[in-house]
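# Observations on the model geometry
One-letter residues, chain by chain:
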Amino acid sequence: MSGRTKLGVLVSGSGSNLQALLDACARPDFPAEVAVVVSNVGTAFALERAKKAGVAAVVLDHKAFGSRADFEKALVDTLVSAGVEWVCLAGFMRLLGTDFLGHFPGKVLNIHPSLLPAFPGLHAQRQALERGVKLAGCTVHFVDPGMDTGPIIAQAVVPVLPGDDEAALTARILKEEHRLYPLVVKLVSTGAVRLEGGRVVTAAGPAMGEQSLRNPGEPG
Ligand code: GRF
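What you see is a predicted model, and the numbers here were worked out from it, not measured in a lab. Starting afresh in each chain, residues are numbered from 1 along the sequence in its written order. Note on the predicted model: pLDDT of at least 70 is required for a residue's local features to be given, and 80 or more for side-chain atom pairs to be given and counted; whole-chain, interface and lining totals, by contrast, use all residues. The side-chain values count all of the structure's non-hydrogen atoms but skip hydrogen atoms and water molecules.

### Brief notes about the nonpolar core
The nonpolar side chains of soluble globular proteins are, as a tendency, buried together. Here, nonpolar core means buried Ala, Val, Leu, Ile, Met, Phe, Trp, Tyr and Cys residues that are tied together by side-chain atoms lying within 4.5 Å of each other. Exposure classes here rest on a 1.4 Å probe applied to the protein chains alone. A residue is buried below 20% of its type maximum, exposed above 50%, and partly exposed in between. Counting residues in hydrophobic clusters, the biggest one holds 43 residues, and the most contacted among them are Val9, Leu109, Tyr181 and Val185. Other than its neighbours up to four places away in sequence, Val9 contacts Leu18, Leu21, Val34, Val36, Val37, Val38, Cys88 and Ala90. Leu10, Ala74, Phe92 and Val108 belong to the second largest nonpolar core, which has 19 residues in total. The contact definition used throughout considers only heavy atoms, calling two residues in contact when any of these lie within 4.5 Å.

### A word on the pattern of salt bridges
Salt bridges are defined as contacts in which a side-chain nitrogen from Lys or Arg sits within 4 Å of a carboxyl oxygen from Asp or Glu. Throughout the structure, instances matching the rule amount to 9 salt bridges. As a salt-bridge pair, Asp61 and Lys63 come within 3.6 Å of each other at their nearest N and O atoms. Overall, Asp61 belongs to the partly exposed group, its relative accessible area being 28%. A salt bridge links Arg172 to Asp164, with the shortest nitrogen-to-oxygen separation between them at 2.6 Å. Given the relative accessible area of 22%, Arg172 is considered partly exposed. Judged by relative accessible area, which is 16%, Asp164 ranks as buried.

### Let's talk about the packing of helix H1 (residues 16–25) against helix H6 (residues 166–189)
The axes of two packed helices give the description: the angle between them and the distance between them. Axis definition: a line fitted to C-alpha atoms, over the contacting stretch in the case of helices. Angles run 0 to 180 degrees between N-to-C directions. Secondary structure elements are taken from DSSP: a helix is a run of H or I of four residues or more, a strand is a run of E of two residues or more, and numbering for both begins at the N terminus. Relative to each other, H1 and H6 sit at 45 degrees, their axes nearing to 9 Å. With respect to H6, the element H1 is oriented oblique. Note on packing geometry: the crossing formed by H1 with H6 is right-handed. Contact residues: Ser16, Asn17, Ala20, Leu21 and Ala24 in H1; Leu174, Glu177, His178, Tyr181, Pro182 and Val185 in H6. A class-by-class count of the residues in the contact of H1 with H6 yields 7 nonpolar, 3 polar and 1 charged. Geometric relationships in this document are graded by angle, where less than 35 degrees denotes roughly parallel, more than 145 denotes roughly antiparallel, 65 to 115 denotes roughly perpendicular, and other angles denote oblique. Crossing handedness is read from the near helix: turned anticlockwise from the far helix by less than a right angle, it gives a left-handed crossing, and turned clockwise, a right-handed one. Here the nonpolar group is Ala, Val, Leu, Ile, Met, Phe, Trp, Tyr, Cys and Pro; Asp, Glu, Lys and Arg are the charged ones; every other residue, Gly included, is treated as polar.

### A look at the pairing of strand S6 (residues 135–142)
Most of S6 sits out of view: 7 of its 8 residues are buried. Sheet topology places strand S5 (residues 108–112) next to S6; 4 bridges connect them, and they run antiparallel. Among the inter-strand pairings, His112 is bridged to a residue of S6, identified as Thr139. Strand direction decides the pairing type here: S6 and strand S7 (residues 152–159), joined by 7 bridges, are antiparallel. Each bridged residue has a counterpart across the sheet, and for Val140 the counterpart in S7 is Ala154. Strand pairing is defined by DSSP finding a minimum of two bridges between the two strands.

Here's what the structure looks like:
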């Protein structure tokens, strides 16, 4: 498919969400493609996933830069030279500032393993278990300079079951992450969802109802 939206995916670790995006992009009817993967951690397994898929994999170690501004400039340069239009954070463990975000206004997404605004930051699943919530899940949102604070696009819910430990809950949420992130990328790539005046706007129309953001099996 020609004219597909070019994604830059920023990672720091395992990259299972990157894999979900790569798998979606491998489908001929998917409206986006991964143009480049950038990791701030040289040993991240995500880099192997990118290479296996034939996608450029770049390491930019934040510790090698004198300042956050220099690191973010290198990130921007790498993404711009790959022709990236949308940036997907997928387990990227650095906060991005306004300098970076200003280069991709309204076009930076993140996925977080909680039902935001509950449990932002590290160890979201552990926080959820410690608070004894009965429902957990994941959120895809537009990125602003805060920690997991940007406008929410879509969420998926999972139950917290008796006897769950952090690993069990993390696995249940990850399964939903892998479904939700490609769905949102499809919606933003086709213009069905966009950020307007700091709010998430969905295009009305038969192909794009609220329906498509619901969990499978959830009544309409
Ligand atoms: C995911 O839980 C994601 O929501 C969070 O970091 C984790 C990354 O996992 N931001 P992976 O590297 O995609 O496997």
